[in-house]
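A closer look at the structure
Here is how the chains run, residue by residue.
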Amino acid sequence: MSTSPEQLAAADATPLEEIDVSRPELFENDTWQPWFARLRREAPVHYLADSVNGAFWSVTNHHLIKEVDGNHQVFSSEAGGIAIVDPIAGNPEQLQGESFIQLDEPRHAPQRQTVAPAVAPKNLAELEPLIRERAADILENLPVGETFNWVQEVSIELTGRMLATLFDFPYEDRHKLIHWSDITTAVPQVTGDDSIDMSKRYEELMQAAGVFYQIWEERAAAPPKFDLISMLAHGENTRTMNEDLGLFLGTLLLLIVGGNDTTRNSISGGVMALNQYPDEYQKLRDNPNLIPNMVSEIIRWQTPVIHMRRTALEDYELGGQKISKGDKVVMWYLSGNRDEDVFDNADQLIIDRPNARSHVAFGFGVHRCMGNRLAELQLRVLWEEIMKRFHTVELVDEVTRLPNNFIRGIKDVPVRLHPL
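Structural notes, computed from the coordinates. (Residues numbered from 1 in each chain as written. Predicted model: local features only at pLDDT ≥ 70, side-chain atom pairs only at ≥ 80, totals over all residues. Heavy atoms only, no water.)

Remarks on the overall build of the protein
Selection rule: In DSSP terms, a helix is any run of H or I states spanning at least four residues, a strand is any run of E spanning at least two, and both are numbered starting from the N terminus. Here the radius of gyration uses the C-alpha set of atoms, whereas the globule reference equals 2.2 Å times the residue count to the power 0.38. Buried means the residue's accessible area, taken with a 1.4 Å probe over protein chains only, is under 20% of the maximum for its type, while exposed means over 50%, and partly exposed covers the values in between. The contact criterion used throughout is that any non-hydrogen atoms of two residues lie within 4.5 Å. Only the protein chains shown count as cover for residues, with accessible areas throughout obtained via the Shrake-Rupley method and a probe of 1.4 Å. When charges are counted, neither His nor the chain ends are considered; positive counts come from Lys and Arg and negative counts from Asp and Glu. Throughout, a charge is located at the NZ atom of Lys, the CZ atom of Arg, the CG atom of Asp or the CD atom of Glu.
Assigned secondary structure in the protein consists of 16 helices and 12 strands. Over its C-alpha trace the protein gives a radius of gyration of 21 Å, about what one expects of a compact globule, namely 22 Å for 420 residues. Projected onto its principal axes, the C-alpha coordinates of the protein cover approximately 55 × 55 × 40 Å. A total of 420 residues make up the protein; the buried ones form 57% of that total. Contacts spanning at least 24 positions in sequence make up 72% of the contacts within the protein whose residues lie at least 6 apart. For the protein, the accessible surface area stands at approximately 17,000 Å², while carbon and sulfur atoms represent 50% of it. Between the mean site of the 39 positive side-chain charges and the mean site of the 63 negative ones, the protein shows a separation of 4 Å.

A look at the sheet that holds strand 2 (residues 56–59)
The line we're drawing: Strands are labelled as partners when DSSP assigns at least two bridges between them. Whenever a helix is involved, its axis is fitted only over the stretch in contact; in every case the axis is a line through C-alpha atoms, and angles between N-to-C directions fall within 0 to 180 degrees.
Pairing is mixed in the open sheet, where five strands are placed in the order 1-2-8-5-3. Every interior strand has two partners, whereas the edge strands, strand 1 (45–48) and strand 3 (75–76), have only one. In the sheet, strand 3 pairs with strand 5 (residues 307–312) via two bridges, with the strands oriented antiparallel. The residue of strand 5 that forms the bridge with F75 is A312. Sheet strands in contact with helix 4 (residues 62–69) are strand 1, strand 2, strand 3, strand 5 and strand 8 (328–332), and its direction is about 130 degrees off that of strand 8.

As for helix 14 (residues 291–302)
Helical periodicity: at 3.6 residues per turn, an α-helix aligns residues three or four positions apart in one direction. Cut-off, in case you're wondering: The span one expects for a helix is its residue count, reduced by one, times 1.5 Å.
For helix 14, spanning 12 residues, the distance from its first C-alpha to its last is 16 Å, which sits close to the expected 16 Å at 1.5 Å a residue. Most of helix 14 is tucked away: 10 of the 12 residues are buried. All of the buried residues along helix 14 are I291, M294, V295, S296, E297, I298, I299, R300, W301 and Q302. Contacts made by the buried residues of helix 14 are with helix 12 (245–276), helix 13 (278–286), helix 15 (333–336), helix 16 (372–389) and strand 11 (410–412).

Side note on unusual backbone geometry
Look at D168: it is not a glycine, yet its phi comes out positive at around 50 degrees. Among the secondary structure elements, D168 is positioned in the loop between helix 7 (150–167) and helix 8 (174–184). Given the relative accessible area of 33%, D168 is considered partly exposed. In this structure, N345 is a non-glycine residue whose phi angle is positive, near 45 degrees. Assignment of secondary structure puts N345 in the loop between helix 15 and helix 16.

Some points on the side chain of N260
Looking at the secondary structure, you find N260 in helix 12. Judged by its relative accessible area of 0%, N260 falls in the buried class. Ignoring sequence-local partners within four residues, the contact set of N260 consists of T159, L163, I178, S181 and D182.

Some thoughts on the packing of aromatic side chains
What counts is decided by this rule: What counts as a ring pair is set by centres within 6.5 Å for rings of Phe, Tyr and Trp (its six-membered ring), and what kind of pair is set by the plane angle: stacked under 30 degrees, edge-to-face over 60, tilted for all other angles. Any Lys NZ or Arg CZ that is within 6 Å of a ring centre and within 35 degrees of that ring's normal is treated as a charge sitting over the ring.
Scanning all chains against the criterion turns up 13 aromatic pairs. Ring centres 6.1 Å apart and planes at 40 degrees place the aromatic pair F167 and F212 in the tilted group. Of the two residues, F167 sits in helix 7 while F212 sits in helix 10 (residues 198–221), which places them 45 residues apart along the sequence. In terms of burial, F167 and F212 fall into one category: buried. Measuring from centroid to centroid gives 5.3 Å for W216 and F248, while their planes differ by 75 degrees, and the two rings are edge-to-face. Highlighted residues: W216 in helix 10 and F248 in helix 12, separated in sequence by 32 residues. Residue class for W216 comes out buried when judged on its relative accessible area of 2%. Judged by its relative accessible area of 0%, F248 is buried. One residue, R23, lies across the ring of W35, its end atom 4.8 Å from the ring centre. A cation over a ring is seen here: R300 above F343, with NZ or CZ 5.0 Å from the ring centre.

Keep in mind that these numbers describe shape and distance, not what the molecule does.
So, in structure tokens, the structure goes:
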């Protein structure tokens, strides 16, 4: 979508100190570009004194995002969480849980290292044939010549199958994992939807906890296996995690959301991007060897996780601005990945972009996404299988996006397949 003159005018006319890039409708309507472009230009470290999410600093250029993300001694994940929304103390319905992405050192590394072997290079090499088999099965059963929702039939289906594999979760119930991932980020401050039934959300997350408790007990009583729950149940630093509801559920939800949202929305975003830039689609047809680099470029262009939040543990000068101890600092990865000083023609998809891997979509520093190689592997294999079968995955109608300032979600991508 190109930015309209009206959107540009609105972004330019708003007083700088009133710009609020956390408004969920900016992402639902895909009108965020001029607002972030102005902040990068005029105030890459920008303070908003009042919003539905309270006061916060926005960090919007690539270099300064890496400075914050790389300095976990000053900018804490644990002090206030990783999302712009502030949890309400004592309100169980706002349950977010605690996980290693929300922990600072020295607590962070031991928990992360317990499950990291699941996505180590050796295991990914063993997973690749299974991913290819499942991608091929999904693609072979799509309705060629008919309009259907790519998100539902491909993006969600592939990620659901892979999550079930990684958790050794009952395959026939894999869509529960997707549902639990979706409701994890469904709070009003993130989606802008005040009608969300937080009591029902809490009940469903408690149901998820019950299912996982049962699986945990079974895995803990059995010899160690190579699935994520078994690794946690037998890990030296994590085997008592089930005694702490917040840590237990938070860790499992993190692994589900991490395994779902990055891959799922990049699968959808890739189809949208190639239709928006047909010359790049032709470039791909002419040279399918560009797929690995294209995967990095799709992740940069889509940026599935829009922001991460940190809390300053001490006063700090960032980009000429004084951050005070206790301040909320929000790194807008989506903006950093469109930084014109780093990426030429940053708003365009360029599948052979030389520095596509310089994106910050996976974060930077000790909290860099643990599953980034698995996400890239799934996308690479899927696109290799797509290009064997279809000349074009044609976008035939308007895309429906989700209102969400944390996950750049896509609900409906209506497509029609054209075989080779």
